Amino acid sequence: MRIVCIGGGPAGLYFGLLMKKLHPAHAVTVVERNRPYDTFGWGVVFSDATMDSMKTWDPETADTIQDAFNHWDDIEVWFKGTKQRTTGHGFVGIGRKKLLNILQARCEQLGVELVFERDAESDLDFPDADLIIASDGFNSKIRIRYPEVFKPDLVTRPNRYIWLGTNKLYDAFTFDFRRTDHGWFQAHIYKFDDQTSTFIVETTEEAFEAHGLGKLDQDGSIAFCEDLFAEVLSGATLMTNARHLRGSAWLNFQRLICGRWSHFNGRSHVVLMGDAAHTAHFAIGSGTKLAIDDAIELTRQFELRGHNAQQIPAVLAAYEEVRRVDVARIQNAARNAMEWFEVVGRRYADTLEPEQFMYSMLTRSQRISHENLRLRDKAWLENYERWFARSAGLDVPDAGRAPPPMFTPYLVRGVTLPNRIVVSPMAMYSAADGEPNDFHLVHLGARAMGGAALVFGEMTCVSPDARITPGCLGLWNERQAAGWKRLVAFVHANSVAKFGIQLGHAGRKGSTKVAWEGIDRPLDGGNWPLISASPIPYLKESQVPKAMDRADIARVTQDFVRATALAAGTGADWLELHCAHGYLLSSFLSPLTNLRDDEYGGSHDNRARFPLDVFRAIRAVWPADKPISVRLSCHDWTDGGNTPEDAAIFAEMFKQAGADLIDCSSGQVSKAEQPVYGRLFQTPFSDKIRNEIRIPTIAVGAISEADHANSIIAAGRADLCAVARPHLADSAWTLHEAAKIGLTDIAWPKQYRMAKMQYETNLARAAAQPVVK
Ligand SMILES: Cc1cc2nc3c(=O)[nH]c(=O)nc-3n(C[C@H](O)[C@H](O)[C@H](O)COP(=O)(O)OP(=O)(O)OC[C@H]3O[C@@H](n4cnc5c(N)ncnc54)[C@H](O)[C@@H]3O)c2cc1C
Ligand SMILES: Cc1cc2nc3c(=O)[nH]c(=O)nc-3n(C[C@H](O)[C@H](O)[C@H](O)COP(=O)(O)O)c2cc1C
């Protein structure tokens, strides 16, 4: 085959050399517009996994790169006058120039034709090529020629960064955060050869503008950065090697995804590779790794399917399919890390103590968890656990082992929870006339004995017509209150758990069948009239609700007050106001379901008016020493609906009204929703609200292991973690998760103690077993 790589960066060079090596009969040319030793940028970092696969594919290149690598294990964070360091992180760095020179030399050795100083205008310049690799970087002319084919999706990120270098050598991957009068700046610093370190400075657009950095030339920006980072530079200077860039050289990162990666131009097959196809933010330093992995995968597909021109379409299709998945995974992790740096100033830097700030930074991509940190640097993590436990009020000696963060106590008003795990409210549709029965006693009682700190009953409806289904629990009469009292008494007498009641009104989602007979479907008979903010049915076949008038608003407010007074009489410890999931109060908050033009519709203030009035009314009745949390749908997941920004505005209002915590859920407001599910998928909403609005939060949603909960609590992304479905599968989820992470110092119900040691021993034995492949 005749192969032309347009662009001699890591992608083009590495692909060229692999193909030539494996099939010397190929004619391979790499066309590069620069001279051999010209290059932008400073050092790049690699992962061990990429090095391993490079070793398999071409040990010669891998060994030379390995010899030139600078390896370091430590991360050091400079923040508010502190310097903190952890180890075990394993990075390797190399100068970009050095890397390219190694690849160029290997290409020459193998017989790849290298053509320098040729700026290829188009893929059509190479009509004889069977295969053209568009490895011409982010600004790829080849990709830009065919927007209809490649369908690039480009997002310009808000932060500004400048890529500089210095001759000061750092022995750790160093991050320095500096506050200015106009906002925070951060430097990402790493050594990549014996003389030089990369020094990337990043800030928000607002700080960039306010400091007039857009008006400065490169020397002006360097002088600014040298002054701001004088301490970490300790006399060293900064330098640029991007003189070719006009203006200030502060850039915005552009995230690129392509709808398709290959094209037939009538003569040759053209395929995107590396930065031409996708970009990943430098916050997790993976652009070069992705380029190399692309080159390896395309080569692998030729190896699998045959090195001839007839196979090219099948090879390109398989390459794209495989790489798309891996690239998406890295881009997701890079996005989390990138967003952390975008919000660090307004969200974390002024809120978190240096210790927790460091933890939050280390886990920013959400790919490094609590237990993963323990593997990397046990001493550091145990020290952090001690710090965390002490800030939660525990007395831990310096040499002592502190409980992991999810097992620290939490105090709110007069209630102390023994740990951070909550059994999330879950409708069971198993009541008659709204009365708790033996099912509820056994169901909630078992979960209370399972180790969680707070057990919520399901959404408890404040009147008969507030019910979702005829099977829902209620709290509008004394008989129901007596049933609740029995549950609360059982939980208090038989467990360490506190008991919470979630009050709600179904609104437009009421009068439906129990879940297993047709969730959200109207009853076949005996429907009751529905009310909502506006007369919009939930499903096409749902009843059209009446838009609430003032009398309805007054009645429902009183229903909530009556239910709260009854709840107070049960001895329950905690109340939650359900303002989520499209039910009545949520229907006022969302612009999708609230089309009112009176003082209850329109602005945030108006949409929140009724839910806030209800909140204030119940707060006045509920005992002052007991907390009330508010559950919000923090994202409607569809156009025109509430976003996390709106949720933050509502959270601020509830905070002002005296809410103790915001329980951060999402969705179920509109059938048009397109939620993006995944591990901890709602935790970012909790993180935002807790650290921007500065009100405690409960995170919920796909939190299914102790490691998740520990990571969330330790990083300050939430104060409590609510766990729902895993508690249906395992009533003793908390006790079992404790055993899985080796925490044996936790009380089981006295009747079950005989099982504890055996359970723990079996787990320990299973963990020690070699894995059979
Ligand atoms: C601030 C910053 C920090 C980064 N840090 C890291 C890091 O730590 N680790 C990491 O792995 N990655 C990092 N990257 C990303 C990394 O630089 C790229 O992802 C990687 O180089 C992609 O390789 P590539 O071969 O696809 O493209 P490039 O390296 O961009 O190579 C493209 C080549 O094509 C040439 N070219 C372009 N157009 C033409 C044309 N028309 N004709 C001929 N030649 C052409 C260019 O001159 C260039 O040599 C960073 C990027 C930035 C901006
Ligand atoms: C069977 C079931 C019933 C639920 N009922 C309620 C409810 O009554 N009130 C509420 O706020 N959320 C309810 N939810 C949502 C959960 O509290 C929780 O937010 C959601 O399941 C995500 O958590 P998970 O991933 O741990 O399951 C229910 C969830 C399930 C699975």
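If you're wondering where the values come from, they're calculated on a predicted model, not measured in any experiment.

**Q** Before we go on, may I ask you to explain the site of ligand 2 in this structure?
**A** For ligand 2, the set of nearby residues contains 16 residues, the closest of which are Ser424, Pro425, Ala427, Ala702 and Arg725. In this structure, Ser424 approaches ligand 2 through a side-chain N or O atom, which is 2.8 Å from an oxygen atom. One of the backbone nitrogen or oxygen atoms of Ala702 is found 2.7 Å away from an oxygen atom of ligand 2. Burial of ligand 2 by the protein amounts to 83% of the accessible area it has alone, namely 610 Å². Broken down by class, the residue content of the shell around ligand 2 amounts to 9 nonpolar, 5 polar and 2 charged.

**Q** It is not clear to me how the packing of helix 15 (residues 438–448) against helix 16 (residues 478–494) should be interpreted in this structure. Could you clarify?
**A** A pair of packed helices is captured by two measures, namely the crossing angle of their axes and the spacing between those axes. Across the interface, helix 15 lies against helix 16 with an axial gap of 10 Å and an inter-helix angle of 25°. In terms of their interaxial angle, helix 15 and helix 16 are classed as roughly parallel. For the crossing formed where helix 15 meets helix 16, the hand is right-handed. Packed against helix 15, whose contacting residues are Asp438, His440, Leu441, Leu444, Gly445 and Ala448, the element helix 16 presents Arg486, Leu487, Phe490 and Val491 at the interface.

**Q** What should I look at first to understand the side chain of His635 in this one?
**A** If you trace the backbone, His635 turns up in the loop between strand 26 (628–633) and helix 21 (644–657). The exposure class assigned to His635 is buried, which follows from its relative accessible area of 18%. Of note is the side chain of His635, whose polar atom sits 2.9 Å from the backbone nitrogen of Trp637. Discounting residues that sit within four places of it in the chain, His635 has contacts with Asn642, Thr643, Pro644, Ser665, Ser666, Gly667 and Phe685.

**Q** Help me understand the packing of aromatic side chains in this model?
**A** We describe a pair of aromatic rings using the distance from one ring centre to the other and the angle between the two ring planes. Evaluated as defined, the whole model comprises 36 aromatic pairs. Centroid distance Tyr146 to Phe150: 6.1 Å. Interplanar angle 80°. Geometry classified as edge-to-face. Given the relative accessible area of 13%, Tyr146 is considered buried. Taking relative accessible area as the criterion, Phe150 reaches 0% and is therefore assigned buried. Here the aromatic rings of Trp261 and Tyr319 are separated by 5.7 Å at their centres, their planes lie at 70°, and the arrangement is edge-to-face. On the criterion of sequence distance, the pair formed by Trp261 in the loop between strand 15 (251–258) and strand 16 (262–264) and Tyr319 in helix 11 (residues 312–349) is long-range, its members being 58 residues apart. For the residue pair Trp261 and Tyr319, the accessibility class agrees, reading buried in each case. Members of the aromatic cluster, joined through ring pairs, are Trp72, Phe79, Phe91, Phe173, Phe175, Phe177, Trp184, Tyr190, Trp340, Phe341, Tyr348 and Phe357. Across from the ring centre of Phe138, 5.7 Å away, lies the NZ or CZ of Arg143, which sits over that ring. Cation over ring: Lys509 sits above Tyr538, and NZ or CZ is 4.5 Å from the ring centre.

**Q** Explain the pattern of salt bridges to me, please; I cannot follow it from the model alone.
**A** Applying the stated criterion across every chain yields a total of 54 salt bridges. Measuring nitrogen to oxygen at the nearest pair gives 2.5 Å for the salt bridge that ties Arg179 to Asp350. Here Arg179 is found in strand 11 (residues 173–180), whereas its partner Asp350 is found in the loop between helix 11 and helix 12 (354–362), with 171 residues between them in sequence. Glu382 is the partner of Arg401 in a salt bridge, and the nearest nitrogen-oxygen pair spans 3.8 Å. With Arg401 in the loop between helix 14 (378–391) and strand 18 (410–412) and Glu382 in helix 14, this pair connects stretches of sequence that are 19 residues apart.

**Q** Hey, could you run me through the site of ligand 1 in this one?
**A** The full set close to ligand 1 counts 32 residues, and Glu32, Arg96, Ala120, Asp275 and Thr288 are the nearest of them. For ligand 1, a nitrogen atom lies 3.1 Å from a polar atom in the backbone of Arg33. Coverage of ligand 1 by the protein chains reaches 93% of its 1000 Å² of free accessible surface. Counting only elements with at least two residues in the shell around ligand 1, the list comes to helix 1 (10–22), strand 3 (43–46), strand 10 (152–166) and helix 10 (287–305).

Rules used in this analysis
Residues numbered from 1 in each chain as written. Chains lettered and ligands numbered in written order. Predicted model: local features only at pLDDT ≥ 70, side-chain atom pairs only at ≥ 80, totals over all residues. Heavy atoms only, no water. Near = heavy atom within 4 Å. Polar contact = N/O pair within 3.5 Å; in protein donor to acceptor, adjacent residues only side chain to side chain. Areas by Shrake-Rupley, 256 points an atom, 1.4 Å probe, with all protein chains shown as cover. Nonpolar A, V, L, I, M, F, W, Y, C, P; charged D, E, K, R; others polar. Axes fitted to C-alpha atoms, helices over the stretch in contact; angles between N-to-C directions. Helix = DSSP H or I, 4+ residues; strand = E, 2+ residues; numbered from the N terminus. Parallel < 35°, antiparallel > 145°, perpendicular 65-115°, else oblique. Left-handed = near helix turned anticlockwise from the far one by under 90°. Contact = heavy atoms within 4.5 Å. Buried < 20%, exposed > 50% of the residue type's maximum accessible area, 1.4 Å probe, protein only. Phe/Tyr/Trp six-rings, centres within 6.5 Å; stacked < 30°, edge-to-face > 60°. Lys NZ or Arg CZ within 6 Å of the ring centre and 35° of its normal. Salt bridge = Lys/Arg side-chain N within 4 Å of Asp/Glu carboxyl O.

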